[in-house]
Amino acid sequence: MKLVLLLTASSSALTTPRVLHHQRKLPNANIFAAPCGMRLQSFPSIGEIVRPPAIAVASAIAGKIPIFISILVVAAVITIHETGHYLAATKLGIKVEEFSVGFGPPLKTITNKKGVRFALRSIPLGGFVQFPPNFDQEKVMADTLKRVETGEKVVINYFDHPDLLQNRSIKQRAIVASGGIVFNMILAFTIYFLNVSVGSGIAKPVLGEGVVVQAVVARDSPSYGVLERFDVILSINGKSGVNVDNFIKTVKATPDDEPVTLEILRKNSPKPFTSTVTPTYKSATAKAKSIDVSLSERLLAVKKVKAHNILEAITIPANELIRVTKLTFKSYLIVFKSQFGFSSEIGGKIVGGKLSGPIGVIKQGAELGGTSLGSILGFAATISINLAVVNALPIPGLDGGMLALLAIEKTRGAKINQQLTQTIQAITAFLFFLLAIVTSIGDIRS
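What you see is a predicted model, and the numbers here were worked out from it, not measured in a lab.

Visitor: Account for a nonpolar patch on the surface, with residues named and values stated.
Guide: A surface patch of nonpolar side chains, about 390 Å² in accessible area, is lined by Ile427, Phe430, Leu431 and Leu434. Here Leu431 lies in helix α10 (residues 418–445).

So, in structure tokens, the structure goes:
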């Protein structure tokens, strides 16, 4: 059986255009084989958000931002993800027990001629496709209880019916496992395609020369008293053409105790001025020097990119899909590393991240959503990509975890012990459930 969790990753390194400071910023469909059968489930997440979610909540309460639209978008994206699993299975003639949208008690259930239950449940923040088990659950449960008294080993006799997912070939199981990921990517590409073809276009930043101080400079920073928020650094050590990457490299390459010379343009100031800052190591374990400020590229404007021919209508959405997918993956990588105590370091600045649960996703979606069709579709595309990326991770309980197990099975030339995989995936699903609860509590407190 499979749970659907709603998670988002917040990474400080991947804001748009790009911010080197801690700020705020994926979901899934997985195959979880539990004793009650198999479920394909999904987790959604969104991209980097700079404004605090609390602002979105306050605006929504004031009636300015419709949170219910965010809920509907998330539910729709999860439904499409699960549809990918469902269609892949039914096209291959694999038996499906239930297609469910949401968690909790069912509000409405319909059973079709093939015996598949379609359920709409009370909490629309997840979904699953459930496959029948390949063993007698009642007998296994009874034998398990009996084992407590007799100590006898429980023997499970697996069914060999060809319509069961567990008895299909590695290729067919892989097709079913990846169906949700594929459908999420198709959805995102379709949204981008429509946006550049008949919509307002895809937003692209127009960057100027220099980097911008994105946040208030801390009192313990070597830049305190020199740089202020919204300052534009036009050059470093007399070299113009500054961007975040070459600025970081220059700071890191500066000899110990030597300053860097900055040409600074301050807000409401007619002319730039020159000053110096001496890079330092942020901590005893820091691997690189830093001037300890939050920086971003200099955003001059945002233009809308539209397609002018069929080739552009395909290449522009494809490139955007690849770009957002890479950013999402990097965001999760940074967040997961920080959750397990491994910090990423960029130019001496420790970059961390945090996970948000279902409440955080809805809050962030409300902040992005508004009422314009373009905003709603953009949110849907981002959620869809995040859901695909998370589920593609090779973690037990996720689609990518099942694909990894199938790859091992292919390499070994023999099936992996089903009881072992079910136990691992059941434990992982339980941990994901706890993670969703913990992150949701954090979202409410924030």
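Visitor: Any details on the environment of Thr79? Residues and values, ideally.
Guide: Position of Thr79 relative to the elements: it lies in helix α2 (residues 67–91). Thr79 sits 49 residues away from Phe128 along the chain, and the two C-alpha atoms are 8.5 Å apart. Apart from the residues lying within four places of it in its own chain, the contact partners of Thr79 are Phe99 and Val101.

Visitor: Break down the confidence of the model for the protein chain for me, with residues and values.
Guide: Per-residue pLDDT for the protein chain has a mean of 76; in total, 72% of the residues score no lower than 70. Ranking the elements of the protein chain by mean pLDDT puts strand β2 (residues 30–34) last with 30 and helix α4 (residues 170–197) first with 96. Below pLDDT 50 for its whole length, residues 1–6 participates in 54 contacts with residues either more than four positions away or in separate chains.

Visitor: Summarise the sheet that holds strand β7 (residues 232–236); cite the residues concerned and give the values.
Guide: With antiparallel pairing, five strands are arranged side by side in an open sheet as β9-β8-β7-β6-β12. Since the sheet does not close on itself, it has two edges, and those belong to β9 (273–277) and β12 (295–305), each with one partner. The sheet shows a mean angle of 40° between the axes of neighbouring strands, direction not considered. Looking at chain direction, strand β6 (residues 202–213) and β7 are connected through two bridges and run antiparallel. Paired with Val212 across the two strands is Val232, which belongs to β7. Along the sheet face, helix α5 (residues 244–253) touches β6, β7, β8 (260–265) and β12 and points at about 55° away from the line of β7.

Visitor: Please give an account of α4 that cites residues and values.
Guide: Taking 1.5 Å per residue, 28 residues should reach 40 Å; α4 reaches 39 Å between its end C-alpha atoms and fits that length. Within α4, the axis deviates most sharply at Ser178, by approximately 45°.

Visitor: Go over the pattern of salt bridges, please, and point to the residues and values.
Guide: If charged atoms from side chains of opposite charge come close, those side chains can pair. Summed over all chains, the structure comprises eleven salt bridges. Of the charged contacts in the structure, one is a salt bridge between Arg117 and Glu98, with a shortest N-O distance of 2.8 Å. Pair noted here: Arg117 is in strand β5 (residues 117–131) and Glu98 is in strand β4 (residues 98–111), with a separation of 19 residues, a long-range link. Note that Lys282 is salt-bridged to Asp220, the shortest N-O span being 3.9 Å. Here Lys282, found in the loop between β10 (280–281) and β11 (289–290), pairs with Asp220, found in the loop between β6 and β7; they are 62 residues apart in sequence, far enough to count as distant. On the accessibility criterion, Lys282 (42% relative accessible area) is partly exposed.

Visitor: Can you lay out the side chain of Glu297 for me, pointing to particular residues and giving the numbers?
Guide: Its place among the elements puts Glu297 in strand β12. Judged by relative accessible area, Glu297 falls into the buried class, the value being 13%. At 3.3 Å, the side chain of Glu297 forms a polar contact with the backbone nitrogen of Val244.

Visitor: Hey, could you go over the packing of α4 against helix α9 (residues 399–412) for me, with residue numbers and the actual values?
Guide: Where α4 meets α9, the closest approach of the two axes is 9 Å, and the angle between their N-to-C directions is 160°. One way to sum up the angle between α4 and α9 is to call them roughly antiparallel. Relative to α9, α4 is oriented so that their crossing is left-handed. Across the interface between the two elements, Ile170, Arg173, Ala174, Ala177, Ser178 and Ile181 from α4 touch Asp399, Met402, Leu403, Leu406, Glu409 and Lys410 from α9. Of the residues contributing to the contact of α4 with α9, the split by class is seven nonpolar, one polar and four charged.

Calculation rules
- Residues numbered from 1 in each chain as written.
- Predicted model: local features only at pLDDT ≥ 70, side-chain atom pairs only at ≥ 80, totals over all residues.
- Heavy atoms only, no water.
- Patch = residues over 30% accessible without salt bridge, like charges linked within 9 Å, V, L, I, M, F, W, Y side chains within 5 Å.
- Areas by Shrake-Rupley, 256 points an atom, 1.4 Å probe, with all protein chains shown as cover.
- Salt bridge = Lys/Arg side-chain N within 4 Å of Asp/Glu carboxyl O.
- Helix = DSSP H or I, 4+ residues; strand = E, 2+ residues; numbered from the N terminus.
- Contact = heavy atoms within 4.5 Å.
- pLDDT = per-residue confidence, 0-100.
- Pairing = 2+ DSSP bridges.
- Axes fitted to C-alpha atoms, helices over the stretch in contact; angles between N-to-C directions.
- Expected span 1.5 Å × (residues − 1).
- Bend = angle between axes of the 7 residues up to and from the residue.
- Buried < 20%, exposed > 50% of the residue type's maximum accessible area, 1.4 Å probe, protein only.
- Polar contact = N/O pair within 3.5 Å; in protein donor to acceptor, adjacent residues only side chain to side chain.
- Parallel < 35°, antiparallel > 145°, perpendicular 65-115°, else oblique.
- Left-handed = near helix turned anticlockwise from the far one by under 90°.
- Nonpolar A, V, L, I, M, F, W, Y, C, P; charged D, E, K, R; others polar.

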